[in-house]
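For reference, the chains in residue letters:
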2 protein chains.
Amino acid sequence: MRPLPMLPSDRPAGDPPIFQRIAIVGLGLIGGSIALAARRRWPSGLVIAVDEKPVLERAMVLHAIDVAADDPVVMRGADLVVLAAPVRENVKLLGELAEHVPGSAVVTDVGSTKRRMVEAARALPPRLAFVGGHPLAGAARAGIEHARPDLFEGRPWLFTPDEGRGAEAVERLCTFVTALGAEPRMTDAATHDRLLAFLSHLPQLTASALMHVVGEGAEFGLTYAGRGLIDTTRLASSPAGVWQDVCATNADEIGHALDAYIDVLRELRADLDAGEALGRIFESAGAWRERLLAAQPRRG
Amino acid sequence: MRPLPMLPSDRPAGDPPIFQRIAIVGLGLIGGSIALAARRRWPSGLVIAVDEKPVLERAMVLHAIDVAADDPVVMRGADLVVLAAPVRENVKLLGELAEHVPGSAVVTDVGSTKRRMVEAARALPPRLAFVGGHPLAGAARAGIEHARPDLFEGRPWLFTPDEGRGAEAVERLCTFVTALGAEPRMTDAATHDRLLAFLSHLPQLTASALMHVVGEGAEFGLTYAGRGLIDTTRLASSPAGVWQDVCATNADEIGHALDAYIDVLRELRADLDAGEALGRIFESAGAWRERLLAAQPRRG
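What you see as residue numbers is a count from 1 along each chain, following the sequence as written. Here chains are named by letter from A upward and ligands by number from 1 upward, in the order in which they appear as written. Selection of residues for local features in this predicted model requires a pLDDT of at least 70, selection of side-chain atom pairs for listing and counting requires 80 or more, and totals for whole chains, interfaces and linings are taken over all residues. Based on all heavy atoms of the structure, the side-chain values leave hydrogens and waters out of the count.

### Topic: the relation of the copies chain B and chain A
Consideration 1: To line up the copies, we fit them by least squares on C-alpha atoms, keeping just the residues with pLDDT of at least 70 in both. Its rotation angle being 180°, the transformation that places chain B on chain A also includes 0.0 Å of axial translation and leaves an RMSD of 0.1 Å. In symmetry terms, the pair is related by a two-fold rotation axis. Closest approach to the rotation axis within chain B is made by the C-alpha atom of Thr232 of chain B, at a distance of 2.1 Å.
Consideration 2: Residue contacts are defined here by distance: any two heavy atoms, one from each residue, within 4.5 Å place the two residues in contact. The share of interface residues of chain B whose copies in chain A are also at the interface is 100%, consistent with both copies meeting through the same surface.

As structure tokens, this is what we get:
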């Protein structure tokens, strides 16, 4: 465990922090960006990070955190705990949290699926008020190196409060993420997981599958690929680990989305000559694409 | 039919045109861009366009063409004919070409599949020297409005000469497209169609299918879509008509590519919980994605 570093004395004072001691477990793109944004917003607050040593060293160099340790014991005094590891690690961390955080705290996570976390959180003692969260912010590249304090600017941050629990925690979290530039939105975990299966999980799986099949099928012709293939497969650089967790914790909804998708592909496949299915599906796709673009808020 | 417009007398002189009278049938993005590029490159040459009247009027406003008609009889004196309509229309036009062009001419097309055209061209009289062509240039939006004289700059232009035919025509076409900024490359029609099934036709079908399924499945949540979905579905605005022609004339190769893709999706689908297939496919996809990016020539 690392010692507390000295805080620079010339840090400008901000408004009083909503949380005094923020513990972030997992300093990837999201966890790292929360750290950077919170430090910039509330210089008098403390950002405590738990991750593996090499990641913590990079975070220190980037001035993203105040306190760093690879041992969760460092979270002891936190009044906000943000679980920002892959989903199944977050579930595991949740099980050990009461032991590491003896006082009262708000607890949230930033994972891409929510039902499993919300269920696991029901076992927490009442002093640890859990609200599931999911900032819909991403970037082409993962990792603390690509973290940015403005990552959440103008982006939705979904919360999935469990029925009748943590109303005060929800309110404080909304104030917190609004101060980071995000737009908090409420939904329930089941709706979240069904929606994200279509909006995010299906596009990820189809992009990786496409890149794999095109690579195998056109190995020596990749130099002739156009912009279309390059855009369509951008997500294919995503790391497997994070997505194994997403799929394992949302398998039913992702399964439904994949089934619907495979059905449409089989319709197209069966009718390549006549093109009736193609005409219908392309017309629908063109209209949905316009609605998708129209639904994007103008963001900075 | 429109009369020949007067040529402006103040046009600067260029080097001697490779073709004196270029007839382009179909003034979409590609046909229109060839017209603009050829007029800029060889001001003393003549660009003759055949399309429907509203398209020709837009092309005239854009100064893309010299002569415009909705009747193919206007091609009479052409020494280069470029068929730039959808593939099956090009095949039909090829059947009528000998009647409209009584002299010698080089004939090419710019369609996305090549076998059907190359076969149909075997029925042409020897004075019409056909070489199949496919400029690998595109843009997010189709139509003469988006045509640009620099569309082909640094992009490959594939030619698929038929065995032992049209060697001189190939040479002139290579000089022609090089002067438009493109990089001519030779292949055969079968290899072309197999390669493009993976590089272009499969990504198009999967993007349209994805946008259709996501729209139906997440209708009220499209405002929460991220950059990933937007990039992955960019191709979904493509018009059905062109792609019905592509699929009908390359159904066997597209069918194989779709089968391979559906197989991979089913592997993922069957293993969402354990994630072994996901680990393997994502690792392969990530590596292919890097090779795809590395294979892209630096283009201006």
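So much for the structure itself; the text now carries on.
### Some points on the confidence of the model for chain A
All names here are of chain A.
Consideration 1: pLDDT expresses, on a scale from 0 to 100, how confident the predictor is about each individual residue. Looking at chain A as a whole, the pLDDT averages 92, with 94% of positions reaching at least 70.
Consideration 2: Long-range and interchain partners of residues 1-13, a stretch whose pLDDT sits below 50, account for 19 contacts in this model, where long-range means more than four residues apart.
Consideration 3: As scored by the predictor, the complex reaches a pTM of 0.91 and an ipTM of 0.91.

### So, the pairing of strand β2 (residues 46-50) of chain A
Residues and elements named next belong to chain A.
Consideration 1: Burial analysis of β2 places 5 of its 5 residues in the buried class, which makes it a mostly covered element.
Consideration 2: Under the scheme applied here, a residue whose accessible area is under 20% of the maximum for its type counts as buried, over 50% as exposed, and between as partly exposed, the area being computed with a 1.4 Å probe on protein chains only. Here a strand is any run of E in DSSP of at least two residues, a helix any run of H or I of at least four, and the numbering for each starts at the N terminus. Of the two faces of β2, the one lined by Leu46, Ile48 and Val50 and the one lined by Val47 and Ala49 are each fully buried.
Consideration 3: As judged from the 5 bridges shared by strand β1 (residues 21-25) and β2, these two strands associate in the parallel manner. When the bridges of β2 are listed, Arg21 appears paired with Leu46. When DSSP finds two or more bridges between a pair of strands, those strands are recorded as paired.

### Remarks on the sheet that holds strand β6 (residues 128-135) of chain A
Pairing between sheet strands relies on hydrogen bonds along the backbone, with the strands arranged either parallel or antiparallel.
All names here are of chain A.
Consideration 1: Taken together, 8 strands build an open sheet; the order of strands is β3-β2-β1-β4-β5-β6-β7-β8 and the sheet is mixed. In the strand order of this sheet, the two ends are held by β3 (67-69) and β8 (183-186), each with one partner. The sheet shows a mean angle of 25° between the axes of neighbouring strands, direction not considered.
Consideration 2: Bridge analysis of β6 against strand β7 (residues 156-160) gives 4 bridges, and the strand direction is antiparallel. Looking across to β7, one finds that Gly133 is bridged to Phe159.
Consideration 3: Against the sheet, helix α1 (residues 29-41) touches β1, β2, β4 (80-83), β6 and β7, its axis set at about 165° to β1.
Consideration 4: Packing against the sheet, helix α6 (residues 189-217) makes contact with β6 and β7, and its axis sits at approximately 135° to β7. Note on geometry: axes are C-alpha line fits, over the in-contact stretch for helices, and angles between N-to-C directions span 0 to 180 degrees.

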